[in-house]
Amino acid sequence: MTGMVEIIARAIFNADQEGLPKFVQRKPFDKWDEVEVKPRYMKFARAALTALREPTEGMSLAGLVALVERAPKWTDDEEPYQRALKIGRTLHGSRDTDAAFCAMIDAALQEEG
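Residues numbered from 1 in each chain as written. Predicted model: local features only at pLDDT ≥ 70, side-chain atom pairs only at ≥ 80, totals over all residues. Heavy atoms only, no water.

J.: Which residues make up the packing of helix α1 (residues 4-17) against helix α2 (residues 38-51), and what values go with them?
T.: Axis separation between α1 and α2 bottoms out at 8 Å; the angle between their running directions is 110°. In terms of axis orientation, α1 runs roughly perpendicular to α2. Remark: the crossing between α1 and α2 carries right-handed chirality. Packed against α1, whose contacting residues are Met4, Val5, Glu6, Ile8, Ala9, Ile12, Phe13, Asp16 and Gln17, the element α2 presents Lys38, Tyr41, Met42, Phe44, Ala45, Arg46, Ala48 and Leu49 at the interface. Classifying every residue of the contact of α1 with α2 gives twelve nonpolar, one polar and four charged. (Axes fitted to C-alpha atoms, helices over the stretch in contact; angles between N-to-C directions. Helix = DSSP H or I, 4+ residues; strand = E, 2+ residues; numbered from the N terminus. Parallel < 35°, antiparallel > 145°, perpendicular 65-115°, else oblique. Left-handed = near helix turned anticlockwise from the far one by under 90°. Contact = heavy atoms within 4.5 Å. Nonpolar A, V, L, I, M, F, W, Y, C, P; charged D, E, K, R; others polar.)

Structure representation (structure tokens):
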């Protein structure tokens, strides 16, 4: 299984190749293990993933809305966004989603590959 760091590294590598003349492009990703600059792209990927570790307010709210959408409704007329705001204000629900998000990023940083 390919780890998230490597998935991001491959995406950065591919984006870096776009628009370059063919004679300048490095080896394609089907030869990923032969790419001599692989450590450089893995470093970039770790930096990008680490930067994502602290969710923005919008990310926190989106995570809370996603969680609330799966929870039972309190009333028939409540929209998930409104319920998420209510939970966020009363139960600090976004702290829980933030903690889960950070835990997922931390796990991705610990994966091999």
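J.: Mind laying out α1, listing which residues take part and the relevant values?
T.: When the terminal C-alpha atoms of α1 are compared, their 20 Å separation across 14 residues agrees well with the 20 Å that a helix rising 1.5 Å per residue should span. Within the span of α1, buried status applies to Val5, Glu6, Ile8, Ala9, Phe13 and Gln17. Following α1 by one or two positions, Gly19 adopts a phi angle in the positive range, close to 85°. (Expected span 1.5 Å × (residues − 1). Buried < 20%, exposed > 50% of the residue type's maximum accessible area, 1.4 Å probe, protein only.)

J.: Now, about the nonpolar core: what can you tell me, with residues and values included?
T.: Counting twelve residues, the largest nonpolar core is built from Val5, Ile8, Ala9, Phe13, Val37, Tyr41, Met42, Ala45, Leu49, Ile105, Ala108 and Leu109. Those elements that place two or more of their residues in this core are α1, α2 and α5 (93-110). (Core = buried A, V, L, I, M, F, W, Y, C linked by side-chain atoms within 4.5 Å.)

J.: Pulling in residues and values, what's your account of the packing of aromatic side chains?
T.: The full count for this structure, using the stated rule, is two aromatic pairs. Aromatic side chains Phe13 and Tyr41 sit 5.1 Å apart centroid to centroid with 80° between the ring planes, which places their arrangement in the edge-to-face category. Pair noted here: Phe13 is in helix α1 and Tyr41 is in helix α2, with a separation of 28 residues, a long-range link. Take Phe13: its relative accessible area is 1%, and that puts it in the buried class. Relative to Phe44, the ring of Tyr41 has its centre 5.9 Å away and its plane inclined at 80°; by these criteria the two rings are edge-to-face. With Tyr41 and Phe44 both in helix α2, this residue pair falls three residues apart, about one helical turn. Through a chain of ring-to-ring contacts, the aromatic side chains of Phe13, Tyr41 and Phe44 assemble into a single cluster. When the ring centre of Tyr41 is taken as origin, the NZ or CZ atom of Arg40, which lies over that ring, is 5.8 Å away. (Phe/Tyr/Trp six-rings, centres within 6.5 Å; stacked < 30°, edge-to-face > 60°. Lys NZ or Arg CZ within 6 Å of the ring centre and 35° of its normal.)

J.: Before we move on, could you go through the environment of Ala45 and cite the residues and values that matter?
T.: Tracing the chain through its elements places Ala45 in helix α2. Spatially, the C-alpha atoms of Ala45 and Ile12 are 7.4 Å apart, while their sequence positions differ by 33 residues. Other than its neighbours up to four places away in sequence, Ala45 contacts Val5, Ile8, Ala9 and Ile12.

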